[in-house]
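Survey of secondary and tertiary structure
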Amino acid sequence: MKWTIHNTEEVLNTQHDYLLTAVWNRPTVEGFTKELDQALEGKLTDLIKEGDIETKKKAVSFLPTLGSLESKRVVFLGLGKENKLTFDLLREAFGSLAKELKKKKVNTLAIALDSFTTDEVDATDAAQALSEGLILGGYEFEGYKKKPNVADVRLENITIYSNHDAQELQAALEVGEAMAIGTNEARTLVNMPSNLLTAVKMAEYAQELADRHGFEAEILGKEEIESLGMGALLAVNQGSEIPPRMIVLKHKGKEEWKDVLALVGKGITFDTGGYSIKPKDGIVGMKADMGGAAAVLGAMEIIGRLQPEQNVMAVIAATDNMVSHTAFKPDDVITSLSGKTIEILNTDAEGRLVLADAVTYAKQHGADYLVDVATLTGGVIVALGLDKTGALTNNEPFFEKVLEASAEAGEFIWQLPYTEGDRKRVRNSPVADLNNSPGRDGHALFAGAFIGEFTEGTPWVHLDIAGTATTKAPHSLGPAGATGVMARTLALLTEQFLLDNE
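A quick note: this is a predicted structure, and the numbers were derived from the prediction, not measured. (Residues numbered from 1 in each chain as written. Predicted model: local features only at pLDDT ≥ 70, side-chain atom pairs only at ≥ 80, totals over all residues. Heavy atoms only, no water.)

**A few points about the sheet that holds strand E15 (residues 413-415)**
- Pairing in this open sheet of 8 strands is mixed, and the strands run E7-E8-E10-E9-E13-E17-E14-E15 from one edge to the other. Of all the strands in the sheet, the pair left with one neighbour each is strand E7 (216-220) and E15. Between one strand and the next, the sheet's axes are offset by a mean angle of 20°, whatever the strand orientation.
- Sheet topology note: the strand E9 (residues 261-271)/strand E13 (residues 369-374) ladder contains 5 bridges and is parallel. Looking at E13, one finds that Ala262 is bridged to Leu370.
- Where helix H6 (residues 199-213) meets the sheet, it contacts E7, strand E8 (245-251), E9 and strand E10 (312-321), and its direction lies at approximately 15° from that of E8.
- Packing of helix H11 (residues 351-364) onto the sheet brings it into contact with E7, E8, E9, E10 and E13, and relative to E9 it is tilted by some 150°. (Pairing = 2+ DSSP bridges. Helix = DSSP H or I, 4+ residues; strand = E, 2+ residues; numbered from the N terminus. Axes fitted to C-alpha atoms, helices over the stretch in contact; angles between N-to-C directions. Contact = heavy atoms within 4.5 Å.)

**Examining a nonpolar patch on the surface**
- On the surface, a cluster of nonpolar side chains totalling about 280 Å² of accessible area is made up of Tyr275, Ile277 and Val323.
- Topologically, Ile277 is positioned in the loop between E9 and helix H9 (280-283). (Patch = residues over 30% accessible without salt bridge, like charges linked within 9 Å, V, L, I, M, F, W, Y side chains within 5 Å. Areas by Shrake-Rupley, 256 points an atom, 1.4 Å probe, with all protein chains shown as cover. Salt bridge = Lys/Arg side-chain N within 4 Å of Asp/Glu carboxyl O.)

**A closer look at the sheet that holds strand E1 (residues 2-6)**
- Read from one edge to the other, the open sheet built from 6 strands follows the order E1-E6-E5-E2-E4-E3, with strand pairing classed as mixed. With one partner strand each, in any of the chains shown, E1 and strand E3 (60-64) form the two edges of the open sheet. Taking each pair of neighbouring strands and ignoring which way they run, the sheet shows an average axis angle of 25°.
- As paired strands, strand E2 (residues 18-23) and strand E5 (residues 108-112) are joined by 2 bridges and run parallel to one another. Within the sheet, the bridge partner assigned to Leu20 lies in E5 and is Ile111.
- Across the face of the sheet, helix H1 (residues 31-39) comes into contact with E2, strand E4 (73-78) and E5 while running at roughly 125° to E2.

**Examining the pattern of salt bridges**
- On inspection of all chains with the given rule, the structure shows 26 salt bridges.
- A salt bridge links Lys103 to Glu100; its shortest N-O distance comes to 3.3 Å. Residue Lys103 and its partner Glu100 are both found in helix H3 (residues 87-103); the two are separated by 3 residues, about one turn of the helix.
- For Glu100, a relative accessible area of 26% puts it in the partly exposed group.
- Three or more residues joined by partner-sharing salt bridges are found here, namely Asp88, Arg91, Glu132, Glu411 and Arg488. (Buried < 20%, exposed > 50% of the residue type's maximum accessible area, 1.4 Å probe, protein only.)

**So, the packing of aromatic side chains**
- Counted according to the given criterion, the structure contains 7 aromatic pairs.
- Centre to centre, the rings of Tyr369 and Phe398 are 5.3 Å apart; their planes meet at 45°, and the pair counts as tilted. Taken together, the residues Tyr369 in strand E13 and Phe398 in helix H13 (residues 396-409) connect sequence positions 29 residues apart.
- Overall, Tyr369 belongs to the partly exposed group, its relative accessible area being 22%.
- For Phe398, a relative accessible area of 2% puts it in the buried group.
- Measuring from ring centre to ring centre gives 5.4 Å for Phe450 and Phe454, while their planes differ by 50°; the resulting arrangement is tilted. By the burial criterion, Phe450 is buried, and Phe454 matches it.
- Over the ring of Phe62 we find Lys104; its NZ or CZ atom is 4.7 Å from the centre of that ring.
- Just above the ring of Trp257 sits the side chain of Lys252; from NZ or CZ to the centre is 5.8 Å. (Phe/Tyr/Trp six-rings, centres within 6.5 Å; stacked < 30°, edge-to-face > 60°. Lys NZ or Arg CZ within 6 Å of the ring centre and 35° of its normal.)

**A short note on the pairing of E13**
- Summarising burial for E13: 5 of the 6 residues are buried, a large majority.
- As paired strands, E13 and strand E17 (residues 460-464) are joined by 5 bridges and run parallel to one another. Opposite Val371, over in E17, you have Val461 as the bridge partner.

**Describing the environment of Ala206**
- Position of Ala206 among the secondary structure elements: in helix H6.
- The buried category is assigned to Ala206, whose relative accessible area is 0%.
- Excluding its chain neighbours within four sequence positions, the residues that come into contact with Ala206 are Ile247, Leu249 and Leu297.

**Things to note about unusual backbone geometry**
- Of note in this structure, Lys58 is not a glycine but carries a positive phi near 70°.
- Along the chain, Lys58 turns up in the loop between helix H2 (43-49) and E3.
- Take Lys58: its relative accessible area is 28%, and that puts it in the partly exposed class.
- The phi dihedral of Met486 falls on the positive side, at around 80°, and the residue is not glycine.
- By the element assignment, Met486 lies in the loop between strand E19 (481-482) and helix H16 (487-501).

**What about the packing of helix H5 (residues 166-191) against helix H10 (residues 291-306)?**
- Look at H5 against H10: their axes get within 8 Å of each other, and the N-to-C directions meet at 155°. Relative to H10, the element H5 is oriented roughly antiparallel. Of the two possible hands of crossing, H5 and H10 adopt the one that is right-handed. For the pair H5 and H10, contact is made by Glu174, Val175, Ala178, Met179, Ile181, Gly182, Glu185, Ala186, Leu189 and Val190 and by Gly291, Ala294, Ala295, Leu297, Gly298, Glu301, Ile302, Arg305 and Leu306, respectively.
- Partitioned by chemical class, the residues of the contact of H5 with H10 number 12 nonpolar, 3 polar and 4 charged. (Parallel < 35°, antiparallel > 145°, perpendicular 65-115°, else oblique. Left-handed = near helix turned anticlockwise from the far one by under 90°. Nonpolar A, V, L, I, M, F, W, Y, C, P; charged D, E, K, R; others polar.)

**Focus: H13**
- Taking 1.5 Å as the rise per residue, H13 with 14 residues should run 20 Å; its terminal C-alpha atoms sit 20 Å apart, in good agreement.
- All of the buried residues along H13 are Phe398, Phe399, Val402, Ala405, Ser406 and Ala409. Within H13, the buried residues cover an arc of 120° as seen down the axis, which keeps them to one side. Structural note: H13 exposes Pro397 and Ala407 on the side pointing more than 90 degrees away from its buried face.
- With a side-chain oxygen lying 2.9 Å from the backbone nitrogen of Phe398, the N-terminal cap of H13 falls on Asn395. (Expected span 1.5 Å × (residues − 1). Arc of directions from axis to C-beta. Polar contact = N/O pair within 3.5 Å; in protein donor to acceptor, adjacent residues only side chain to side chain.)

Encoded structure:
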């Protein structure tokens with residue numbers, strides 16, 4: 001999107017097709033709304049009282065001015081009561097607006113930005129919420145249908161009127177834009193079918209991302225993975241004709257490679273369950289089993305755009321989990337990169353296996369803090385539903401930073417217990433150091449605890465996004481399908497690290 005910023009004094013004297021303003025649920029019109037009311041000879045007050053212009057949260061109303069103003073139409077965005085406005089609500093309201101503008105094929109928009117500010121939400125907050133909400137709410141996965149011969153009209157040019165410092169507003173707009181674009185990139189990756197997004201193609205995408213933003217990249221092919229002894233990743237890949245990839249991207253925000261935050265993603269491009277095969281209903285949608293990898297790549301897109309002075313590393317283990325005569329089997333014993341042996345009790349518990357090698361490799365590359373993100377278990381959905389991400393940690397202060405970032409991103413996280421009893425269950429094997437599936441009870445806890453065995457005391461947070469990576473219903477900030485969840489949380493965590501280390 002192209003953003004242009006002008007002083008508020010010019011707004012009513014400039015011609016626009018669509019002029020956007022906030023409208024509040026209060027007894028009288030005030031501020032810019034009052035100026036509009038005066039220009040419209042008091043008709044605006046009547047329209048609000050009669051309900052033709054709605055003031056409830058996220059309501060969008062269009063009003064032709066019929067020559068009463070320079071602008072042809074005024075768009076009113078309802079925000080409810082002024083003292084209840086939050087950044088999250090404003091971002092969602094702009095997301096809802098994006099959907100309505102798309103229906104009307106609006107290409108250009110002018111905004112009286114200061115009408116959206118309160119004591120709690122200033123002009124820079126409003127600017128970030130604007131760019132973030134419009135781009136997230138306007139996202140659509142184009143898919144692969146034959147396209148009709150109709151011009152695609154998108155919102156592209158936005159003129160902002162505000163008395164706030166233009167440079168500060170521009171910076172806020174760029175932050176919101178980066179957050180939204182990174183999230184939408186993650187969404188697109190998850191929405192892609194697995195025959196088009198293989199481990200090889202994901203690695204190519206990561207390399208393009210690195211080239212675009214100046215990251216250091218290391219992409220390991222199958223021979224290199226074998227030579228390093230990544231036995232857990234190789235076991236999962238054993239049944240596939242498509243080779244695996246271990247992907248490493250590094251953003252070096254400091255002169256010295258220290259205080260390194262590692263973002264580790266599960267990149268299972270399709271999960272059949274292997275010989276512990278999924279039922280026909282459960283196997284549909286398993287193209288989304290690389291949602292953790294997508295979140296990490298989306299976060300790196302944001303980081304690449306904002307260039308924080310913080311060392312960040314992305315590590316992604318990518319493969320599919322297929323059934324064939326070469327696939328790994330229950331009762332197999334494999335050796336991970338760490339040297340720990342693993343008894344396979346469930347080939348559908350494959351995500352924790354590839355993450356084990358990815359976590360170890362991140363540590364070998366100097367990770368001082370670890371966050372792994374994965375569509376890991378149905379157990380987390382049973383425990384928390386479809387709208388909450390489950391978390392485990394071995395370090396409470398570090399988890400608090402992740403929690404703070406998630407709250408700012410509007411991505412809800414709930415901490416699950418991580419106990420010695422869980423660790424004992426994972427370590428209970430007569431033939432190996434660990435087993436990969438102790439039982440159905442506490443399944444989400446055991447999956448996280450298994451990954452924890454490879455952190456070796458490094459501060460670590462595990463995020464299970466099995467419920468939150470996709471949604472069946474459209475919402476204010478996007479359509480049904482992939483959500484891009486945790487991309488913004490991870491990027492904001494990076495920013496928090498920067499603030500803490502200054």
